[in-house]
Amino acid sequence: MTSVKIPDAGGDTLTFLQIQGRLYPSFPPEAFMSMNTFKMRRDDVIVCAYPKSGTHWVWEIVRMLQAGTTEVEPAEKDDGMMELFDQDHFDQLPSPRVLNSHLLFTQLPPEVTQKKSKLIFLSRNPKDLFVSYYHHHTGLADLYNYSGKWKNYLPLVLDGRVDYGSWFDYMREWEKAIQNNPDVPVLSVMYEDIKEDPYKEVRKISDFLGKNYPSDFLHRVCDSCSFSRMREHKGQYDTSPDGLPVMYRKGQVGDWKNWFTVSMSEWFDRVYVDKMEGSKLKFRYTLED
Ligand code: PPS
């Protein structure tokens, strides 16, 4: 594994860790290297998503649903991030654990398929996601050391030369894996659907977890995990050099319109058609779609 600097279209660089030809954030590499021996528990749930899909949001929702209370122990999403910590850390977490990962299905521990772990597969429209990833890469200066321009960043992210690789490849791999592993329980949820009707989606997740909560509890979970509440309680972690929350930035559907020019959007649409040919996935770029 090596530390690499990847230049954007304007020559500004992002710092990543390269392991077996793939790019990752510069985390301690031990956890990546021991993923094959990660010990799953029968009652584990993993929130799986490409970065910036809303992982923090759904992780917190699932934590409250698993705990049966909105008064959960203060914890950060990173505490459950499988590729960040070693087995000792995860052995100390009480059951039921709510884990999360940005890895491909095939990179998850073999015990996921053996023990038929419950997976919540979260996705988000890629235009908003790329804008969010741009702010992540410029905002987390200690990790990426990047201050490039959006117009120079877009070609890079469209080409997948970022940590966790191409969004297109990630989505296609997961789509295939879900089809090919019908005995692994997977619930697919979309960021835009949770934005539009949080109660409906939280109920869906609750049902998937085998819970039967009264509606007032589910409403309380929605409220406790609203963007404004989460930003207020957790926004002080991971701030950008100008002091703004990176993980709770805007929390909207359609912010991409403030960033994509018409020609960028048309270019993106052509790349999408090319890379996602044959995929059945459909994304909503506004809540009216
Ligand atoms: S990470 O770093 O990859 O784990 O980021 P991730 O949590 O997947 O995605 C961050 C984006 O999700 C938004 N977010 C939310 N949206 C709505 N409601 C809630 N509660 C919420 N919490 C986080 C967050 O603001 C990031 O999106 P952008 O567009 O940058 O605001």
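The paragraphs below set out a description of the structure included in this document. Source: prediction; values computed, not measured.

1. Notes on the site of the ligand
And then number 1: In the vicinity of the ligand lie 22 residues, with Thr55, His56, Ser132, Tyr191 and Lys250 positioned nearest.
And then number 2: Between the ligand and lysine 77 there is a distance of 3.1 Å, counted from an oxygen atom to a side-chain nitrogen or oxygen.
And then number 3: Elements represented by at least two residues in the shell around the ligand include exactly helix 2 (55-67), helix 5 (126-139) and helix 12 (227-234).
And then number 4: Looking at the shell around the ligand element by element, the count peaks at 3 residues for helix 2.

2. Section: the nonpolar core
And then number 1: With 95 residues, the main nonpolar core has Leu65, Phe130 and Trp167 as its most contacted residues.
And then number 2: In terms of residue count, the dominant contributor to this core is helix 2 (7 residues).
And then number 3: If we skip the residues at most four places from it in the chain, leucine 65 touches Val202, Ile205, Ser206, Leu209, Lys211, Tyr213, Phe217, Leu218 and Val221.

3. What to know about a negative patch on the surface
And then number 1: A cluster of like negative charges, contributed by Glu30, Asp86, Asp88 and Asp91, occupies part of the molecular surface.
And then number 2: Relative to the helices and strands, glutamate 30 is located in helix 1 (residues 30-33).

4. Focus on the sheet that holds strand 1 (residues 2-7)
In sheet architecture, strand pairing relies on hydrogen bonds along the backbone and comes in two forms, parallel and antiparallel.
And then number 1: Spatially, the 3 strands line up as an open sheet ordered 1-2-3, and their pairing is antiparallel. Among the strands making up the open sheet, the edge pair consists of strand 1 and strand 3 (22-24). The average angle at which neighbouring strand axes cross in this sheet is 50 degrees, direction not considered.
And then number 2: Pairing analysis gives 6 bridges linking strand 1 to strand 2 (residues 13-19), with the strands arranged antiparallel. Its bridge partner being in strand 2, proline 7 is matched across the sheet by threonine 13.

5. A look at unusual backbone geometry
And then number 1: Note the cis peptide between serine 95 and proline 96, where omega equals -5 degrees.
And then number 2: Within the secondary structure, proline 96 sits in the loop between helix 3 (87-91) and strand 5 (98-101).
And then number 3: Positive phi outside glycine occurs at lysine 116, with the angle close to 55 degrees.
And then number 4: Checked against the element boundaries, lysine 116 lands in the loop between helix 4 (111-114) and strand 6 (118-123).
And then number 5: Overall, the relative accessible area of 38% leaves lysine 116 in the partly exposed class.

6. Here we look at the pattern of salt bridges
And then number 1: By the definition in use, this model includes 15 salt bridges.
And then number 2: Salt-bridge contacts for arginine 97 lead to aspartate 44; the nearest nitrogen and oxygen are separated by 2.7 Å. Of this pair, arginine 97 sits in the loop between helix 3 and strand 5 while aspartate 44 sits in the loop between helix 1 and strand 4 (45-49), and the two are 53 residues apart along the sequence. The same class applies to arginine 97 and to aspartate 44, which are both buried.
And then number 3: Of the charged contacts in the structure, one is a salt bridge between aspartate 78 and lysine 77, with a shortest N-O distance of 3.6 Å.
And then number 4: Aspartate 78 sits in the partly exposed class, given a relative accessible area of 29%.
And then number 5: Residue class for lysine 77 comes out buried when judged on its relative accessible area of 4%.
And then number 6: Sharing partners across several salt bridges, the network here consists of Glu60, Arg63, Glu76 and Lys234.

7. Examining the packing of aromatic side chains
And then number 1: In this structure the tally under the stated criterion is 33 aromatic pairs.
And then number 2: Centroid distance tyrosine 213 to phenylalanine 217: 4.6 Å. Interplanar angle 55 degrees. Geometry classified as tilted. The two residues tyrosine 213 and phenylalanine 217 agree in class, both being buried.
And then number 3: For the pair phenylalanine 268 and tyrosine 272, a centre-to-centre distance of 6.0 Å together with 40 degrees between the ring planes defines the contact as tilted. Highlighted residues: phenylalanine 268 and tyrosine 272, both in helix 13 (residues 262-275), separated by 4 residues, approximately one helical turn.
And then number 4: Lying over the aromatic face of tyrosine 285, lysine 127 brings its terminal NZ or CZ to 5.1 Å of the ring centre.

8. Things to note about helix 2
And then number 1: Under the 1.5 Å per step criterion, the end-to-end length of helix 2 is 18 Å for 13 residues, consistent within 8% with the ideal 18 Å.
And then number 2: By the criterion of burial, helix 2 is predominantly enclosed, with 12 of the 13 residues buried.
And then number 3: Those residues of helix 2 lying buried are Thr55, His56, Trp57, Val58, Trp59, Glu60, Ile61, Val62, Arg63, Met64, Leu65 and Gln66.
And then number 4: In the stretch just after helix 2, glycine 68 is the one whose phi turns positive, near 75 degrees.

What counts, and at which threshold
- Residues numbered from 1 in each chain as written.
- Predicted model: local features only at pLDDT ≥ 70, side-chain atom pairs only at ≥ 80, totals over all residues.
- Heavy atoms only, no water.
- Near = heavy atom within 4 Å.
- Polar contact = N/O pair within 3.5 Å; in protein donor to acceptor, adjacent residues only side chain to side chain.
- Helix = DSSP H or I, 4+ residues; strand = E, 2+ residues; numbered from the N terminus.
- Core = buried A, V, L, I, M, F, W, Y, C linked by side-chain atoms within 4.5 Å.
- Buried < 20%, exposed > 50% of the residue type's maximum accessible area, 1.4 Å probe, protein only.
- Contact = heavy atoms within 4.5 Å.
- Patch = residues over 30% accessible without salt bridge, like charges linked within 9 Å, V, L, I, M, F, W, Y side chains within 5 Å.
- Areas by Shrake-Rupley, 256 points an atom, 1.4 Å probe, with all protein chains shown as cover.
- Salt bridge = Lys/Arg side-chain N within 4 Å of Asp/Glu carboxyl O.
- Lys, Arg positive; Asp, Glu negative; His and termini not counted.
- Charge placed at Lys NZ, Arg CZ, Asp CG, Glu CD.
- Pairing = 2+ DSSP bridges.
- Axes fitted to C-alpha atoms, helices over the stretch in contact; angles between N-to-C directions.
- Phe/Tyr/Trp six-rings, centres within 6.5 Å; stacked < 30°, edge-to-face > 60°.
- Lys NZ or Arg CZ within 6 Å of the ring centre and 35° of its normal.
- Expected span 1.5 Å × (residues − 1).

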